[in-house]
Amino acid sequence: AVSVAGVGMYLVFSLIIGLTTGVTVVMSQYYGAKEEDKVVKTFFSSIFIALGMTILVTVIGLLTTRPLLIVLQTPAEVLDAAVLYLRIICAGSVGTMLYNWISAVLRSLGNSVVPLIFLGISSLLNIVFDILFVAVIPLGVGGAAFATVLAQVISGVACLLYAWKILPMLRIRRDKLKLDTYIGKQMLVYGLPAALQMSIISISDMTLVVAYGVCIKVEGLGMQVGDALGTALGTFTGQNTGAKNIERIKAGFRTTFLLNAIGYAVVSPLIFLLAPVIMRMFTDSQEAIGYGVEYMHIFAPFLIGVGTLNLFHNMLRAVGDVKITIWMGISEVITRIGFAFLFSCLW
């Protein structure tokens, strides 16, 4: 139930993370241009954008959870449990938004270490709460979902308190707490295409790999190298776009491209070699292990391509060229689903 609902959860997270990309791009450009007043306006305007998106995701998520899981052909015996899990995740999307929003703000201002630390704390809390709410207090699937939400809320609040402590200009003041319509529009112009691109890729994942719960998690883990470098490049590019320093953008891309290659020179062989071990950690079925190993052996060598694509996405969005990133996302979904049907016919 958790594995199936997790696919829907990635869709929710993709929408939220994609939207906060708009905050990163706009704020990093103003920060690079040393326009502190606009940095502050962006921060307070982003509060309204984040709240609006949270309400939208929560309401739509709660209303569409069961139909979505039915479309995914969720087995009847786990449908109710999967619905419960995904509804709790949607109801708690405020925690996901809070962490990703304040992390986007901190990264825009050049601090990427603190969000990483709080993400690590969130992951550890998630494990502790999983044990507490599933093994100690037998709440089952609902307990697992509640553990995820609670860990994210705590991490988000802690990250926000840290930001307020070290950055007095971001502290809530009644005279500053208002939406700048121009800046808000700019954040949506950059953020909505990113959210659309990430969500439609998640939807294509739903249609292709529902049966590969373990594999898609390993694939997602492997993609973190490219995701992390892409996020760093996006912030770096946004700041230097604001400062009008094109040469540094080019140098930043070359550096992250090299780091991407080095990272996947390590990660891809590890996934390829450890595929049988990973599968045996989750199942004893020899058939499932065989399929899982085959899946990992195919995608592992190509992770460097996905990582490179992430670099281009983040760099292009940060300089303001969002249209091409939308078409890149759409073309990826079309070819992904198209080739899936083609190869299934051939084999």
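Values in this document were obtained by computation on a predicted structure and should not be read as measured data.

### Focus: the overall build of the chain
Assigned secondary structure in the chain consists of 13 helices and zero strands. Reading the helices (α) and strands (β) of the chain from amino to carboxyl end gives α-α-α-α-α-α-α-α-α-α-α-α-α. Seen through its C-alpha atoms, the chain measures out along the principal axes to roughly 60 × 45 × 30 Å. Of the contacts formed within the chain by residues at least 6 apart in sequence, a portion of 80% connects residues at least 24 apart. As displayed, the chain offers around 17300 Å² of accessible surface, 72% of which is attributable to carbon and sulfur atoms. Placing the 22 positive and 17 negative side-chain charges of the chain at their respective mean positions leaves the two points 13 Å apart.

### A word on a nonpolar patch on the surface
Judged by side-chain polarity, V266, L270, F272, L273, L274, V277, M281 and F282 come together as a nonpolar surface patch covering roughly 820 Å² of accessible area. Assignment of secondary structure puts L270 in helix α10 (residues 246-282). In this structure L270 comes out as partly exposed when scored by relative accessible area, which is 45%.

### Let's talk about the environment of N310
When you line up the elements, N310 lands in helix α12 (residues 303-318). On the accessibility criterion, N310 (15% relative accessible area) is buried. Along the sequence, N310 and V128 sit 182 residues apart, while their C-alpha atoms lie 32 Å from each other. The residues touching N310, leaving out its near neighbours within four places in the chain, are G226, D227 and G230.

### Re the packing of helix α1 (residues 2-32) against helix α9 (residues 224-242)
Interhelical geometry of α1 versus α9 gives an angle of 45 degrees and a closest axis separation of 6 Å. Between α1 and α9, the interaxial angle falls into the category oblique. Helix-helix and strand crossings are classified by hand; for α1 and α9 the assignment is right-handed. When α1 is examined against α9, the residues T24, S28, Q29, Y31 and G32 are found in contact with a partner set consisting of G234, T235, G238, Q239, T241 and G242.

### Quick look at the side chain of T21
Here T21 shows up in helix α1. In contact with T21, not counting residues within four places along its chain, are A194 and R317.

### Remarks on the confidence of the model for the chain
For the chain, mean pLDDT is 84; residues scoring 70 or higher make up 95% of the total. Across the chain, α10 holds the top mean pLDDT of 91, while helix α8 (residues 213-222) sits lowest at 72.

### A closer look at the environment of V189
Of note, V189 is situated in helix α7 (residues 181-209). Judged by relative accessible area, V189 falls into the partly exposed class, the value being 34%. Separated by 163 residues in sequence, V189 and V26 place their C-alpha atoms 9.9 Å apart.

### Re α1
Along an α-helix, residues three or four apart share an orientation, since each turn contains 3.6 residues. Taking 1.5 Å of rise per residue, 31 residues should cover 45 Å, and α1 covers 42 Å from first to last C-alpha, within 8% of that figure. Counting buried positions along α1 gives 25 out of 31 residues, so the element sits mostly inside the fold. The positive-phi residue at the C-terminal boundary of α1 is K34, with phi of around 60 degrees.

### A short note on the packing of helix α5 (residues 113-136) against helix α6 (residues 140-166)
Between α5 and α6, the least distance of the axes is 8 Å, while the angle of their chain directions is 150 degrees. Classified by the angle their axes make, α5 and α6 are roughly antiparallel. The way α5 lies across α6 gives a crossing that is right-handed. Here the contact of α5 with α6 is built from residues that sort into 16 nonpolar, seven polar and one charged.

### A short note on unusual backbone geometry
We note that K34 has phi near 60 degrees; this positive angle belongs to a residue other than glycine. Following the sequence through the fold, K34 ends up in the loop between α1 and α2 (36-71). Positive phi, close to 60 degrees, is recorded for K244, a residue that is not glycine. Tracing the backbone through its elements, the reader meets K244 in the loop between α9 and α10. The class for K244 is exposed, based on a relative accessible area of 70%.

Basis of the calculations
Residues numbered from 1 in each chain as written. Predicted model: local features only at pLDDT ≥ 70, side-chain atom pairs only at ≥ 80, totals over all residues. Heavy atoms only, no water. Helix = DSSP H or I, 4+ residues; strand = E, 2+ residues; numbered from the N terminus. Contact = heavy atoms within 4.5 Å. Areas by Shrake-Rupley, 256 points an atom, 1.4 Å probe, with all protein chains shown as cover. Lys, Arg positive; Asp, Glu negative; His and termini not counted. Charge placed at Lys NZ, Arg CZ, Asp CG, Glu CD. Patch = residues over 30% accessible without salt bridge, like charges linked within 9 Å, V, L, I, M, F, W, Y side chains within 5 Å. Salt bridge = Lys/Arg side-chain N within 4 Å of Asp/Glu carboxyl O. Buried < 20%, exposed > 50% of the residue type's maximum accessible area, 1.4 Å probe, protein only. Axes fitted to C-alpha atoms, helices over the stretch in contact; angles between N-to-C directions. Parallel < 35°, antiparallel > 145°, perpendicular 65-115°, else oblique. Left-handed = near helix turned anticlockwise from the far one by under 90°. pLDDT = per-residue confidence, 0-100. Expected span 1.5 Å × (residues − 1). Nonpolar A, V, L, I, M, F, W, Y, C, P; charged D, E, K, R; others polar.

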